[in-house]
Amino acid sequence: MSDDELQAHEWLNNSEDDTPPAETEHVEASTLHPTPSTNVIPPPLRKRQKLDVPARFVRKKAQEVRSQTLQKGLVDIEKLIASKRTEFDAGRNGLQAYRARSIRSCLHMVINNHRTLIEASERAAESQGFAARWGGRMVRQWIASWIKFRQLPKSERGRHTKVFSLLDDPEVVTELRSFLRTNKWSMDPQKLSAFTKEKLLPDEAKKYLHRIVEEEMPAGLKKYLEVELFPRIQMKLSVAPGERKLVLVAHDEMTAQANDGKTMSWVWQGEQPLKKKGVGRGLHQSDVICSTVGWLKDASQTLEYGKNYDGYWNGELFVKQLTERIIPAFERAHGPLFQALIMVDNSQGHSAYSVDALLTSRMNMRPGGKQATMRDGWYIMHGERITQRMCFPSDHPEIPAQPKGMRQKYLRENCDYRFPTLQENMPDALASVSVETIRKWEHRMKRWMEAYKDGLGAKDAQIQVKKFSSKHYTSHRRVPEHVAAALDA
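In this text the structure is predicted, and so the values were computed from the model without any measurement.

A.B. asks: Hey, could you run me through the pairing of strand 1 (residues 245-257) in this one?
C.D. replies: Note on strand geometry: in a regular strand, side chains alternate between the two faces of the sheet. Here strand 1 pairs with strand 5 (residues 338-343) via six bridges, running parallel. The partner of Leu-248 across the bridge, within strand 5, is Leu-341. Inspection of the sheet shows strand 1 paired to strand 2 (residues 282-290) by nine bridges, in the antiparallel sense. Paired with Gln-257 across the two strands is Gly-282, which belongs to strand 2.

Structure representation (structure tokens):
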């Protein structure tokens, strides 16, 4: 028999239960004598297949194993509680003992009373003085730890980072151990107390004072000056005659819409606020700030963007604002002894070119027509500079003198979903930014520039800038270990 006939027989034998007898005989008759050019495609696998072990038996077996595991855990916890050798943290009436008894109560109700784990854990938590839901969740976590590791939950009271003890210091522990081993045959509480008060504590105090005076105070003072003091003080340095002081002027743009209100708010039960669909009419705002006077109000430029309104912001409008608003407003606010260093981000809206700039996007494929009149270009050939005319001469017979061709927080809080209100709130929102905030961001930007200047990558530069952050930790009692380690290094 050929390979095709063997495959046909195999398929017929495997599908006897699913194929009617009449169809089977027809298939056998047609496949016993296949044509040489016919390839028999095996049928796809059936979705329902017969398992070696039925799923219900597997599920029942798993339930039995779980029941035996819980039963063994109950026996062990009862032995632990009944044993007189067991020492709970804080004694038999301590928190750990209460937790152990709640584990025993929950396992007892699950195994003997056939309650669900959630119901049993909540009842067990309430019986030991814990809250029902929160305590029930904790009891289930304690049971999982007990079943898996046979460990009782330990209380974290007195072990938080705000609680500091000298015994947490490895050097103090090493010193105490050395003293105890040296005087192990003549040690008593009086000697240990005297050693601690007269020798150990003064030495540690001297070490800590040295670290405070030599390391932490200079570092803290430096951080205070850069993070807290300097951003609040704008130093008016004296300028020598004939010199001009540079002032960093940062420029940025934003858009705000009339219906851009709060996304989340408190409402009455069963009620929902009716909000307008769409974002509504919008304003495009282009402004500059500096660390000397803050927001330059006279340099502000507002545009009601849209196809049916004032159009859209582009490079030409930015150049116009720069020459007619920003520079004159800066000169009026600072006087002739200061010069503006304007910082602009990389945006397509700032890509402005002169009217006669050499841009292929302004050229037509054919000569003449409506296109820009560009200045003459040039190129180098054989070491000589050759001028390339971009317009035909005035005496051209067909097209004389024609160009050649080519081949948003304040606004949301005060939003009432009306465009006139947005126009009124825009100046107030810009004026609400304090000069201190502007100076802090200026210092932060300077740190980024210094980090990149030192050759640091993005991640290392971020770590370097975060060193000056004023929110490393919230504890007011002690310095965390990672900060102390960084100071020691």
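A.B. asks: Looking at this model, I keep getting lost on the nonpolar core. Mind explaining?
C.D. replies: Here is a general trend for soluble globular proteins: nonpolar side chains tend to be buried in one another's company. If you look at the biggest cluster of nonpolar residues, it comprises 23 residues, and the most contacted ones within it are Ile-77, Ile-103, Cys-106, Leu-107 and Leu-152. Put simply, the parts of the chain that give this core at least two residues each are helix 3 (55-82), helix 4 (95-111), helix 5 (117-127) and helix 6 (132-149). By residue number, the principal contributor to this core is helix 4, which donates nine residues. One finds Ile-326, Ala-329, Phe-330 and Phe-338 within the second-largest nonpolar core, a separate group that totals 10 residues.

A.B. asks: What's the story with the packing of aromatic side chains in this structure? I'm lost.
C.D. replies: For any two aromatic rings, the description comes down to two numbers: the centre-to-centre distance and the angle of the planes. Evaluated as defined, the whole model comprises three aromatic pairs. Seen from their ring centres, Phe-179 and Phe-195 are 4.0 Å apart, and the 5° between their planes marks the pair as stacked. With a gap of 16 residues between them, Phe-179 in helix 7 (residues 170-182) and Phe-195 in helix 8 (residues 189-229) connect regions that are remote in the sequence. The ring of Phe-57 is capped by Arg-56, whose NZ or CZ atom sits 5.0 Å from the centre of that ring. In this arrangement the basic side chain of Arg-101 is found over the ring face of Tyr-98, its NZ or CZ atom lying 4.9 Å from the centre.

A.B. asks: Any chance you could explain the side chain of His-284 here in plain terms?
C.D. replies: Along the polypeptide, His-284 turns up in strand 2. If sequence neighbours within four positions are ignored, His-284 has contacts with Glu-253, Met-254, Thr-255, Gln-301, Thr-302, Leu-303, Tyr-305 and Trp-313.

A.B. asks: Looking at this structure, I do not really get the pattern of salt bridges. What am I missing?
C.D. replies: Side chains that differ in charge, positive against negative, can pair when their charged atoms come close. What the rule picks out here adds up to five salt bridges. Between Glu-119 and Arg-123 there is a salt bridge whose closest N-O contact spans 3.4 Å. With Glu-119 and Arg-123 both in helix 5 and four residues apart, this pair spans about one turn of that helix. Here Arg-123 falls in the partly exposed class, since its relative accessible area comes to 41%. Residues Asp-298 and Arg-332 are paired through a salt bridge, measuring 3.7 Å at the closest nitrogen-oxygen approach. Of this pair, Asp-298 sits in the loop between strand 3 (294-295) and strand 4 (301-303) while Arg-332 sits in helix 9 (residues 315-334), placing them 34 residues apart in sequence. The exposure class assigned to Asp-298 is partly exposed, which follows from its relative accessible area of 48%. Each member of the salt-bridge network shares a partner with another, and the members are Arg-115, Glu-119 and Arg-123.

Definitions and limits used
Residues numbered from 1 in each chain as written. Predicted model: local features only at pLDDT ≥ 70, side-chain atom pairs only at ≥ 80, totals over all residues. Heavy atoms only, no water. Pairing = 2+ DSSP bridges. Helix = DSSP H or I, 4+ residues; strand = E, 2+ residues; numbered from the N terminus. Core = buried A, V, L, I, M, F, W, Y, C linked by side-chain atoms within 4.5 Å. Buried < 20%, exposed > 50% of the residue type's maximum accessible area, 1.4 Å probe, protein only. Phe/Tyr/Trp six-rings, centres within 6.5 Å; stacked < 30°, edge-to-face > 60°. Lys NZ or Arg CZ within 6 Å of the ring centre and 35° of its normal. Contact = heavy atoms within 4.5 Å. Salt bridge = Lys/Arg side-chain N within 4 Å of Asp/Glu carboxyl O.

Remember that the coordinates give geometry; whether it matters functionally is a separate question.
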